[in-house]
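# Coordinate analysis (summary)
Listed below are the residues making up each chain.
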Amino acid sequence: MKILVVGAGATGGYYGGRLAQAGRDVTFLVREGRAAQLRERGLRITGLGEDETVEPTLVTAGEIDGPYDLVILTVKATGLDTALDDLAPAVGPGTVVLPVLNGMAHLDALDARFPDAQVLGGVVRILATLTDDGDVQIMAPLAQVRTGPRSDRSTPSLDAVLEALDVPGVEVQRVPDVVATMWHKWVFIVAAGAVTGLARGPVGPIVDSPGGSDFVRDVLTEVTAVAEAAGYPVPERETATSLAMLTEPGSTFTSSLYRDLVAGRATEAEHLLGDLTRRARDLGVPTPLVDLALLQMRVAEKQRA
């Protein structure tokens, strides 16, 4: 299977690197600056014992010479439009596209852009970051891929995709309702982003402040109500796990939305919070706290521009 990994950040770099180490036919589609960095240093994976280096096969925009069997889309939502333009020559009628972005809006964009491709649903879990040197630093031994056909589309190539992704260092699983799995992850990410974004700090100081724990519960209740109204109720055990993580005393956890916000970087607020609140309005579900968090991030984005 000929595989194109779009992006070589923490997620794309780790998963693509593991596929390459296992002998899969993997090419990375990257921007010019990242290509130069990878050619100079290699794709370095650190944080799990001895550092590992993969010599990646790279292409940049305009260098793709034909369709791939599998395209794994790992960019952030802020780079989605550009990525779709860049990867378009890689998508043919038989191509399977596996996007692992958070949220749901990217599925509509992919369906519209590539109506003849097989677009899977997908969720990844990984605790990793990209260092200033461009290395993929793993912060915990967690690397999961959950994928499957969306309910309205058949994907005859799924078995081949699962086999290709089943390599050392990656836990891959077919799930019966991948859209529900995506919704449940989206709920947590929006809740975490709204909580840490509005309170402007990590979980520990939030819950150590009067009213902090109640505030977290209120945000989580809002977001889970949207998922339930959309037909994807979050199991109680998952809600309990999310609540425990977002109310853990002394925790230094913050969301990536919060970290991008305070660093003055572009955020995924529209893709994650904006899309969810639009769906909430259509469903008649009030989301005042998430609306406020989104307003705050929109104002910050205007100031950044």
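Residues numbered from 1 in each chain as written. Predicted model: local features only at pLDDT ≥ 70, side-chain atom pairs only at ≥ 80, totals over all residues. Heavy atoms only, no water.

Here we come to the overall build of the protein chain. Looking only at helices and strands, the protein chain features 12 helices and 11 strands. Taking 305 residues into account, the globule formula puts the C-alpha radius of gyration at 19 Å, and the protein chain, at 19 Å, falls close to it. C-alpha atoms of the protein chain, sized along the principal axes, occupy 55 × 40 × 40 Å. Within the protein chain, counting contacts between residues at least 6 apart in sequence, those at least 24 apart form 70% of the total. As displayed, the protein chain has an accessible area near 13,700 Å², and 49% of this comes from carbon and sulfur atoms. The positive charge centre, built from 27 side chains, and the negative charge centre, built from 40, are 2 Å apart in the protein chain. (Helix = DSSP H or I, 4+ residues; strand = E, 2+ residues; numbered from the N terminus. Rg over C-alpha atoms; globule rule 2.2 N^0.38 Å. Contact = heavy atoms within 4.5 Å. Areas by Shrake-Rupley, 256 points an atom, 1.4 Å probe, with all protein chains shown as cover. Lys, Arg positive; Asp, Glu negative; His and termini not counted. Charge placed at Lys NZ, Arg CZ, Asp CG, Glu CD.)

Time to look at the packing of aromatic side chains. Each aromatic ring pair is characterised by the separation of its centres together with the angle its planes make. One pass over the structure, following the stated rule, counts 4 aromatic pairs. Each ring, one from Tyr14 and one from Tyr15, has its centre 5.5 Å from the other, and the planes form 85 degrees; the classification is edge-to-face. Accessibility assignment for this pair places Tyr14 and Tyr15 in one class, buried. Their ring planes at 15 degrees and their centres at 5.7 Å tell us that Trp183 and Tyr232 sit as a pair that is stacked. Linking Trp183 in helix H6 (residues 178-199) with Tyr232 in the loop between helix H8 (212-229) and helix H9 (236-246), this pair joins segments that are 49 residues apart in sequence. Owing to a relative accessible area of 3%, Trp183 belongs among the buried residues under this scheme. Of note, Lys2 hangs over the ring of Tyr68, and the distance from its end group to the ring centre comes to 4.5 Å. (Phe/Tyr/Trp six-rings, centres within 6.5 Å; stacked < 30°, edge-to-face > 60°. Buried < 20%, exposed > 50% of the residue type's maximum accessible area, 1.4 Å probe, protein only. Lys NZ or Arg CZ within 6 Å of the ring centre and 35° of its normal.)

A word on the pairing of strand S7 (residues 96-99). On a regular strand, one side chain projects to one face of the sheet and the next to the other, so that they alternate. Neither face of S7 is open: one carries Val96 and Leu98, the other Val97 and Pro99, and all of them are buried. As paired strands, strand S6 (residues 70-73) and S7 are joined by 4 bridges and run parallel to one another. Bridge pairing in S7 places Val71 opposite Val97. The pairing of S7 with strand S8 (residues 118-119) spans 2 bridges and is classified as parallel. For Val96, the partnering residue across the bridge sits in S8 and is Gln118. (Pairing = 2+ DSSP bridges.)

Mapped onto this numbering, the UniProt entry gives "domain: Ketopantoate reductase N-terminal" (unreviewed entry) at residues 3-146. Structurally, residues 3-146 comprises 27% helix and 34% strand, and the distance from its first C-alpha atom to its last is 18 Å. (UniProt positions renumbered as here; feature names shortened; annotations may be inferred.)

With respect to the helices and strands, the residue Leu283 is situated in helix H11 (residues 269-283). Under the relative-accessibility criterion, Leu283 is labelled partly exposed at 39%. Put simply, Leu283 and Val179 are 104 residues apart on the chain and 18 Å apart in space, counted from C-alpha to C-alpha. What Leu283 contacts, discounting residues up to four positions off in sequence, is Val226, Ala229 and Ala230.

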